[in-house]
Amino acid sequence: MYIHQVAAYLPAHIVTNEHFTRLNGLSHKWIIERTGIQERRKAGPDENTNTMALEATRRVLAQAPLFPQQHIDLIVGATYTPHDTIYTVAHAVQRDLDVADIPVVSVSSACSSLLNAIEIVEGYFAMGKATRALVVVSEHNTAYNNEDDTVAGHLWGDGAAALLISKERLAPTDLRMVDLITAGAGNMGKADTAVTLKPVERGIVMPHGKDVFIHACQYMARVTRNILERNQLAVTDLNWLIPHQANLRITRNVLENLGLPDDRAVSNIEYLGNTGCAGAAIALADHLDQIKVGERIVITVFGGGYSYGAMLLER
């Protein structure tokens, strides 16, 4: 199957590190050293997970004349910061597109949800139940975030992305999905408590950031190697790595583990913060035009609850 087009939407409002210096004394230098984040985006009063998803969808369709919206026969939405848990982000997109009587699915597996959503598409395609899918990933982290939390309150940003995926190639520039791996590691470490979001009780909290860091570094490097090896490729055959945008130190650790130079990684956390399951898709959208014919890309992700995965793409 093929990724035909990708587009992103980011709120206009920028929150710099100085905001957190004024709020709780965290210095710009300290935040940079710990996370790499310089600024992040925050949704406006009239924006939410669904509205950002709609805007990303409109943008991706505007860039894809070969993929008219009336041909979409599957919508998969992904988020862990829903605006509504019943009228989900996928339902909101379907209503906006006015495409009736097609499968509409929403999935939540923390920051790895992008690849789980694409894997759902893979399954529908394999069963002959769809041929052209829209995947939408959107996170409204600031709706749940506690900015006064000096452990993780400065990490989060908002944003969305949309991907058009077809069973058959539509254009020479399409990215072929060579392979996809997802898995859970909920039995490992402090997976049950390291990152939690209990809307009734509180927002996003990360009491065990070190445990998250260690497992994210290990699993993203390991699954990247796994997907390359099972496709008879070496790490040196990889042109680009798009990791989950959680922490610049995690990205650098994964690169070092794999033996890849820094310039092989696509990163946006410096200016967007952690945008959850949308982060890697936003990075792909921003980097799409720079991928040359014959180049290989791995997207590797790790999320709270300790879910992880990797996807190998080739142009």
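Residues numbered from 1 in each chain as written. Predicted model: local features only at pLDDT ≥ 70, side-chain atom pairs only at ≥ 80, totals over all residues. Heavy atoms only, no water.

In the nomenclature of an unreviewed UniProt entry, the protein corresponds to Ketoacyl-ACP synthase III from the organism Hymenobacter algoricola.

All right, on to the overall build of the protein then. When helices and strands are tallied, the protein shows 9 helices and 13 strands. Relative to its length of 315 residues, the protein is compact, with a C-alpha radius of gyration of 18 Å against a globular reference of 20 Å. Judged by the C-alpha coordinates and their principal axes, the protein covers about 55 × 45 × 35 Å. Out of the 315 residues in the protein, the part that is buried amounts to 58%. Across the protein, the fraction of contacts at a sequence separation of at least 24, relative to all contacts at a separation of at least 6, is 76%. (Helix = DSSP H or I, 4+ residues; strand = E, 2+ residues; numbered from the N terminus. Rg over C-alpha atoms; globule rule 2.2 N^0.38 Å. Buried < 20%, exposed > 50% of the residue type's maximum accessible area, 1.4 Å probe, protein only. Contact = heavy atoms within 4.5 Å.)

Further remarks concern the UniProt feature "domain: Beta-ketoacyl-[acyl-carrier-protein] synthase III N-terminal" (unreviewed entry) in the protein. Annotation from UniProt places "domain: Beta-ketoacyl-[acyl-carrier-protein] synthase III N-terminal" (unreviewed entry) at residues 107–168. End-to-end, the C-alpha atoms of residues 107–168 are 24 Å apart, and along that stretch the chain is 23% helix and 31% strand. (UniProt positions renumbered as here; feature names shortened; annotations may be inferred.)

Another aspect to go through is the nonpolar core. Judged by nonpolar contacts, the single largest core of 45 residues is most densely connected at Leu 228, Leu 241, Val 298 and Phe 302. For this core, the secondary structure elements donating two or more residues are helix H6 (209–229), helix H7 (248–258), strand E12 (296–303) and strand E13 (307–314). If one sorts the elements of this core by residue count, H6 sits on top with 9 residues. When residues of this core are sorted by domain, at least three fall in each of domain 1 (2–166) and domain 2 (175–314). Leaving out residues up to four positions away in the same chain, Val 298 has contacts with Thr 224, Ile 227, Leu 228, Leu 238, Trp 240, Leu 241, Ile 242, Ala 310, Met 311 and Leu 312. Counting 43 residues, the second largest nonpolar core, distinct from the first, contains Met 1, Leu 114, Leu 175 and Ala 283. (Core = buried A, V, L, I, M, F, W, Y, C linked by side-chain atoms within 4.5 Å. Domains from an automatic or database assignment.)

As a further point, take H7. Among all positions of H7, only Leu 248, Ile 250, Thr 251, Val 254, Leu 255 and Leu 258 are buried. Each buried residue of H7 lies within a common arc of 160° when the element is viewed along its axis, so the set occupies one face. Where the residues of H7 are buried, they touch helix H2 (28–35), H6, strand E11 (240–243) and helix H8 (269–272). One side-chain oxygen of the residue at the start of H7 lies 2.7 Å from the amide nitrogen of Arg 249, identifying that residue as Asn 247. Among the residues trailing H7, Gly 259 stands out with phi positive, at a value near 80°. (Arc of directions from axis to C-beta. Polar contact = N/O pair within 3.5 Å; in protein donor to acceptor, adjacent residues only side chain to side chain.)

This part is about the packing of helix H3 (residues 49–62) against helix H4 (residues 89–97). Closest axis-to-axis distance for the H3/H4 pair is 9 Å, and the angle between their directions is 50°. If you check the angle between H3 and H4, you find them oblique. Handedness of the H3/H4 crossing: right-handed. For the pair H3 and H4, contact is made by Thr 49, Asn 50, Ala 53, Leu 54, Thr 57, Arg 58 and Leu 61 and by Val 89, Ala 92, Val 93, Asp 96 and Leu 97, respectively. (Axes fitted to C-alpha atoms, helices over the stretch in contact; angles between N-to-C directions. Parallel < 35°, antiparallel > 145°, perpendicular 65-115°, else oblique. Left-handed = near helix turned anticlockwise from the far one by under 90°.)

Right, let's talk about the pattern of salt bridges for a bit. Where charged atoms from two side chains of opposite charge approach closely, those side chains can pair. Scanning the model with the defined rule gives 7 salt bridges in all. Ionic pairing is found between Glu 147 and Lys 42, a salt bridge with its closest N-O pair at 4.0 Å. Residue Glu 147 is located in the loop between strand E6 (132–140) and strand E7 (158–166), and its partner Lys 42 is located in strand E3 (residues 39–42); the two are separated by 105 residues in the primary sequence. On the basis of relative accessible area, Lys 42 is assigned to the partly exposed category, the value being 28%. With its nearest N and O atoms 2.9 Å apart, the salt bridge here joins Asp 96 to Arg 58. Within this pair, whereas Asp 96 is found in helix H4, its partner Arg 58 is found in helix H3, the two being separated by 38 residues in sequence. Taking the relative accessible area as the measure of exposure, Asp 96 reaches 35% and is therefore partly exposed. Each of Glu 55, Arg 58, Arg 59 and Asp 96 takes part in a single network of salt bridges with overlapping partners. (Salt bridge = Lys/Arg side-chain N within 4 Å of Asp/Glu carboxyl O.)

Moving on to the domain arrangement of the protein. Entries for the protein in the domain assignment read domain 1 (2–166) and domain 2 (175–314). On the domain 2 side, the residues contacting the 47 residues of domain 1 number 42 residues. Both faces considered, domain 1 and domain 2 share a buried interface measuring about 3,600 Å² in area, 68% of it formed by carbon and sulfur atoms. Together, Ile 3, Cys 111 and Leu 115 form the three largest contributors to the area buried by domain 1 at its contact with domain 2, with a combined 18%. Scanning the region where domain 1 abuts domain 2 turns up 0 salt bridges. Of all the secondary-structure elements, those providing two or more residues to the side of domain 1 that touches domain 2 are strand E1 (2–9), H2, E3, helix H5 (113–126), E6 and E7. Looking at the side of domain 1 that touches domain 2 residue by residue, the class counts come to 23 nonpolar, 14 polar and 10 charged. (Buried area = accessible area lost by both parts, 1.4 Å probe. Nonpolar A, V, L, I, M, F, W, Y, C, P; charged D, E, K, R; others polar.)

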